[in-house]
Amino acid sequence: MTDTVQITIDGRTIKARRGQSVLQAADASGVYIPRLCWMKTISPVGACRVCTCKINGRLAAACAEPVREGLEIENDTPELLEMRQSIVEMLFVEGNHYCMFCEASGNCELQATAYRLKITAPRHTYQFPERGTDATHPDIFVDRNRCILCGRCVRAAREMDGKPIFQFLGRGFDRHIGVNSGEGLVGTSIRVTDATISSCPTCP
Ligand code: FES
C-alpha cells in the first residue's frame, strides 16, 4: 500500500498523505478551507463546523475527516459559503464581539474568518449574553464575552502543557469554559509561558 492517495477538491486532483485530514491535505496543496476550532498542534474535534465540506456527497468536518483514495470534496460552493456564513454569524450574536473597539481587532481569527466569508453584519438577533470575566490571575485574563467555545484552550492545556486546567461547564446557552479551581484562574497551575495562552482564536 502506497503512502499517498489521490483526492479531488472542487474538481482539482491532488495527492495527499495517508493519515492526513482533508483539511491538512487541502492546506498542503494550497487550498484554503475555513476553520476555527482546528489548530495544527492539537487533536481535531470537529466542534465549530466552519470547515464543513461536502465529502462524497455528504456534509462532514474537513478537519476531522481522514483522506481516502478517491474522495471527492466540494469546498468552494455557494451552498457551503452560506452554511459557513450562518455558523460564523451565530458565533457573533451568541457572544459579545465588538470588533471596532476590541484590542484584538486585526489579530483575531473570528474577525478574519468573517471578512473572508464576506460577512458584513449578522442576520440573526444579537443575544448580548452576560458571560463574565476571570481577572483573578495577576498575569492572565479570561474574557468569556469573546469565547466561541472552540475548546482550543481546553485541548492545548491538556495536550501541550499537560495541565487539565480548562473544561466545558453548563449546557446549551449556559455552556462556558471553567477552570479546575474554585478560586478562578489564580488557583490553577497556568503560567504565561504555557501553550494554551496563545491557543485562543479571539484573544491571541
Ligand atoms: Fe473543523 Fe472546527 S475547524 S470543525
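Described in the following lines is the structure provided in the data block.

## Thoughts on empty space enclosed by the protein
Move 1: In this structure the tally under the stated criterion is one cavity of 30 Å³ or more.
Move 2: Roughly 70 Å³ of internal volume is contained in the largest cavity.
Move 3: If you go around the largest cavity, the residues you meet are Phe92, His97, Tyr98, Cys99, Cys102, Ser105, Cys108, Leu110, Gln111, Arg146 and Thr202.
Move 4: Here the lining of the largest cavity is built from residues that sort into six nonpolar, four polar and one charged.

## Focus: the side chain of threonine 202
Move 1: Looking at the element boundaries, threonine 202 is found in the segment after β9 (176-179).
Move 2: A polar contact of 3.0 Å, which involves the side chain of threonine 202, links it to the backbone oxygen of arginine 146.
Move 3: Setting aside anything within four residues of it in sequence, one finds threonine 202 in contact with Ala104, Cys108, Leu110, Arg146 and Ile148.

## Points about the environment of glycine 151
Move 1: Residue placement: glycine 151 occurs in the loop between β7 (142-143) and α4 (152-159).
Move 2: Judged by relative accessible area, which is 5%, glycine 151 ranks as buried.
Move 3: A sequence separation of 132 residues divides glycine 151 from glycine 19, and the C-alpha atoms of the two residues are 23 Å apart.

## With respect to the pairing of β9
Move 1: Pairing analysis gives four bridges linking strand β8 (residues 166-169) to β9, with the strands arranged antiparallel. If you follow phenylalanine 168 over to β9, its bridge partner there is isoleucine 177.
Move 2: In this structure, the hairpin formed by β8 and β9 is closed by a connection of six residues, where glycine 170 is found at a positive phi of approximately 75°.

## Here we look at the environment of histidine 176
Move 1: As for its placement among the helices and strands, histidine 176 is situated in strand β9.
Move 2: C-alpha of histidine 176 to C-alpha of cysteine 99: the two residues are 77 residues apart in sequence and 21 Å apart in space.
Move 3: Excluding its chain neighbours within four sequence positions, the residues that come into contact with histidine 176 are Arg144, Leu149, Gln167, Phe168 and Leu169.
Move 4: There is a polar contact of 2.8 Å between the side chain of histidine 176 and the backbone oxygen of aspartate 174.

Cut-offs applied
Residues numbered from 1 in each chain as written. Predicted model: local features only at pLDDT ≥ 70, side-chain atom pairs only at ≥ 80, totals over all residues. Heavy atoms only, no water. 1 Å grid on protein atoms, 1.4 Å probe; cavity = no way out; pocket = protein on both sides within 12 Å on 5 of 7 lines; lining within 4 Å. Points joined across faces, edges and corners; volume = space filled by probe spheres on them. Nonpolar A, V, L, I, M, F, W, Y, C, P; charged D, E, K, R; others polar. Helix = DSSP H or I, 4+ residues; strand = E, 2+ residues; numbered from the N terminus. Polar contact = N/O pair within 3.5 Å; in protein donor to acceptor, adjacent residues only side chain to side chain. Contact = heavy atoms within 4.5 Å. Buried < 20%, exposed > 50% of the residue type's maximum accessible area, 1.4 Å probe, protein only. Pairing = 2+ DSSP bridges.

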